[in-house]
Amino acid sequence: MALTTSTPRPPVLRRRKRPDAPGELSKKVWATAVMWLLVVVYGFPVLWFLLSSFKPAGELFSYPLTFLPEQPTIKGFTEAWTRFDVARYFLNTLVVALSATALTIVASAACGYALAKYRSWWLKAFTLCILATTMLPGEVLLSPLFLVVRDLGLYNSLSAVVVPAVITATGTFMFRQFFLTVPDDLLEAARIDGSGELSTFLRIMLPLSRPIMLTLAIFSFQWRWNDYIWPLVVLNDPNKFTLQIGVATIVGAENVNWSVLLGASVLSMIPLVAIYLLFQKYVMNADINAGLKD
């Protein structure tokens, strides 16, 4: 019976972590201190705003001012949700934001793909025209957009808020710049395998652009949720008001119910905060070059 001897493995040498130099350590401390200072500067007004929404109306302007509510109440939230019909405004805004966001992603992805992967002189000219629209302030487009919406018979409907928001130069440019980084060889290989243009776009290009889709979805939802001027122009029926217009109606000409106004404002922030908390990790940790590595 032969005896086998195992060769001992050499010890693994681990590189010892070099301690930070005193200058680098002081820079880190100062950077951390500045960041915490910015957190306090920006976070204190928000925290005051949130805590004030739980104060009764008589306590908001009592002297001296108090940071914490002495008699916490949710009357402002319940009254805003029921008496001022914030629930209806909330639902209308949710329908507008979700539908506009979904249509914006589809239209921007398709347009960005065409501008990035099809070669034609008029497509290049069209790209310049799209970029030129970003230089115009939104107020300049209100009048022609209103005429188009009125002639289409969409005035005083939620569709009048959604349709003009579908095409955005920002979303189109984001997808175009991403699709330019996708090698043309990938598309040629798909075409050789018999994949059609629509199938290639849906099965290859869209999955690769998921980080851009999520980023644009967050921005688009935020834009539509906070939009005030355009819904104010095209909506006349109080039952179709969006949340921002509905919150503005709480402010009276002579008397303002501040507890209800604060409660409605906090309610309007909840979806945006939820969207940020849910999707920030997908955007921040997204691999833009996913699927294109060697």
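Each value, and the rule that gives it
Residues numbered from 1 in each chain as written. Predicted model: local features only at pLDDT ≥ 70, side-chain atom pairs only at ≥ 80, totals over all residues. Heavy atoms only, no water. Core = buried A, V, L, I, M, F, W, Y, C linked by side-chain atoms within 4.5 Å. Buried < 20%, exposed > 50% of the residue type's maximum accessible area, 1.4 Å probe, protein only. Helix = DSSP H or I, 4+ residues; strand = E, 2+ residues; numbered from the N terminus. Contact = heavy atoms within 4.5 Å. Phe/Tyr/Trp six-rings, centres within 6.5 Å; stacked < 30°, edge-to-face > 60°. Lys NZ or Arg CZ within 6 Å of the ring centre and 35° of its normal. Axes fitted to C-alpha atoms, helices over the stretch in contact; angles between N-to-C directions. Parallel < 35°, antiparallel > 145°, perpendicular 65-115°, else oblique. Left-handed = near helix turned anticlockwise from the far one by under 90°. Nonpolar A, V, L, I, M, F, W, Y, C, P; charged D, E, K, R; others polar. Salt bridge = Lys/Arg side-chain N within 4 Å of Asp/Glu carboxyl O. Polar contact = N/O pair within 3.5 Å; in protein donor to acceptor, adjacent residues only side chain to side chain. pLDDT = per-residue confidence, 0-100. Patch = residues over 30% accessible without salt bridge, like charges linked within 9 Å, V, L, I, M, F, W, Y side chains within 5 Å. Areas by Shrake-Rupley, 256 points an atom, 1.4 Å probe, with all protein chains shown as cover. Expected span 1.5 Å × (residues − 1). Arc of directions from axis to C-beta.

What follows is about the nonpolar core. Grouped together as the largest cluster of nonpolar side chains are 29 residues, with contacts concentrated most on Val86, Val161, Trp225, Val234, Leu243 and Ala264. Where this core is concerned, the elements lending two or more residues are α3 (75-82), α4 (86-117), α7 (158-162), α11 (210-226), α12 (229-234), α13 (243-250) and α14 (258-284). Considering each element in turn, this core owes the most residues, 6 residues, to α4. Here leucine 243 is in contact with Val86, Tyr89, Phe90, Thr93, Trp225 and Ser268, once residues within four sequence places are set aside. Listed in part, the 17 residues of the second largest apolar core include Met174, Phe179, Leu216 and Ala217.

Another point: the packing of aromatic side chains. Evaluated as defined, the whole model comprises 13 aromatic pairs. Arranged with centres 5.7 Å apart and planes meeting at 85°, the rings of phenylalanine 146 and tyrosine 155 form a pair that is edge-to-face. Measuring from ring centre to ring centre gives 6.1 Å for phenylalanine 219 and tryptophan 223, while their planes differ by 20°; the resulting arrangement is stacked. Taken together, the positions of phenylalanine 219 and tryptophan 223, both in helix α11 and 4 residues apart, correspond to about one turn of that helix. On the basis of relative accessible area, tryptophan 223 is assigned to the partly exposed category, the value being 33%. Above the face of the tryptophan 48 ring, lysine 55 is positioned so that its terminal group lies 5.3 Å from the ring centre.

Our next topic: the packing of helix α5 (residues 121-133) against helix α8 (residues 169-180). Close contact between α5 and α8 brings their axes to 9 Å; oriented N to C, the two are set at 135°. In this view, α5 runs oblique relative to α8, as classed from their interaxial angle. Seen from above, α5 lies across α8 with left-handed handedness. Mapping the contact onto sequence places Thr127, Ile130, Leu131 and Thr133 in α5 and Ala169, Thr172, Phe173 and Arg176 in α8. Residues that form the contact of α5 with α8 fall into these classes: 4 nonpolar, 3 polar and 1 charged.

Tallying each qualifying case throughout the model produces 5 salt bridges. Each of Lys117, Arg119 and Asp184 takes part in one network of salt bridges that share partners.

Here the focus is the side chain of threonine 93. Within the secondary structure layout, threonine 93 lies in helix α4. A polar contact of 2.7 Å, which involves the side chain of threonine 93, links it to the backbone oxygen of tyrosine 89. Those residues in contact with threonine 93 that sit more than four places away from it in its chain are Arg224, Trp225, Thr242 and Leu243.

Take the confidence of the model for the protein next. The predicted model of the protein has a mean per-residue pLDDT of 81, with 86% of residues at 70 or higher. The spread of mean pLDDT over the elements of the protein runs between helix α2 (residues 57-60), the lowest at 75, and α7, the highest at 91. Between residues 286-294, whose pLDDT stays under 50, and residues either more than four places distant or in other chains, the model counts 14 contacts.

For asparagine 156, which is not a glycine, the phi torsion comes out positive at approximately 65°. Mapped onto the elements, asparagine 156 comes out in the loop between α6 (142-151) and α7.

A cluster of nonpolar side chains, namely Val34, Met35, Leu37, Leu38, Val41 and Tyr42, defines an oily patch on the protein surface of about 630 Å² accessible area. Position of valine 34 relative to the elements: it lies in helix α1 (residues 22-52).

Right, let's get into the packing of helix α10 (residues 197-208) against α11. Where α10 meets α11, the closest approach of the two axes is 5 Å, and the angle between their N-to-C directions is 65°. When the interaxial angle is binned, α10 and α11 end up roughly perpendicular. Mapping the contact onto sequence places Leu206, Pro207 and Leu208 in α10 and Arg210, Pro211 and Met213 in α11. The residue inventory of the contact of α10 with α11, partitioned by class, reads 5 nonpolar, no polar and 1 charged.

Okay, α10 next. The end-to-end C-alpha distance of α10, which contains 12 residues, comes to 16 Å, matching closely the 16 Å that a straight helix rising 1.5 Å per residue would cover. Among the residues of α10, Thr200, Phe201, Met205, Leu206 and Leu208 are the ones counted as buried. On an axial view of α10, the arc spanned by its buried residues comes to 150°, and they lie on one face. For α10, the secondary structure elements touched by its buried residues are α4, α8, α9 (184-192) and α11.

On to the side chain of serine 209, then. In this fold, serine 209 is placed in the loop between α10 and α11. Note on serine 209: relative accessible area 0%, which makes it buried. Among the polar contacts listed, one links the side chain of serine 209 to the backbone oxygen of leucine 206, at a separation of 2.9 Å. Once you skip the residues sitting within four places of it in the chain, serine 209 turns out to touch Phe175, Phe178 and Phe179.

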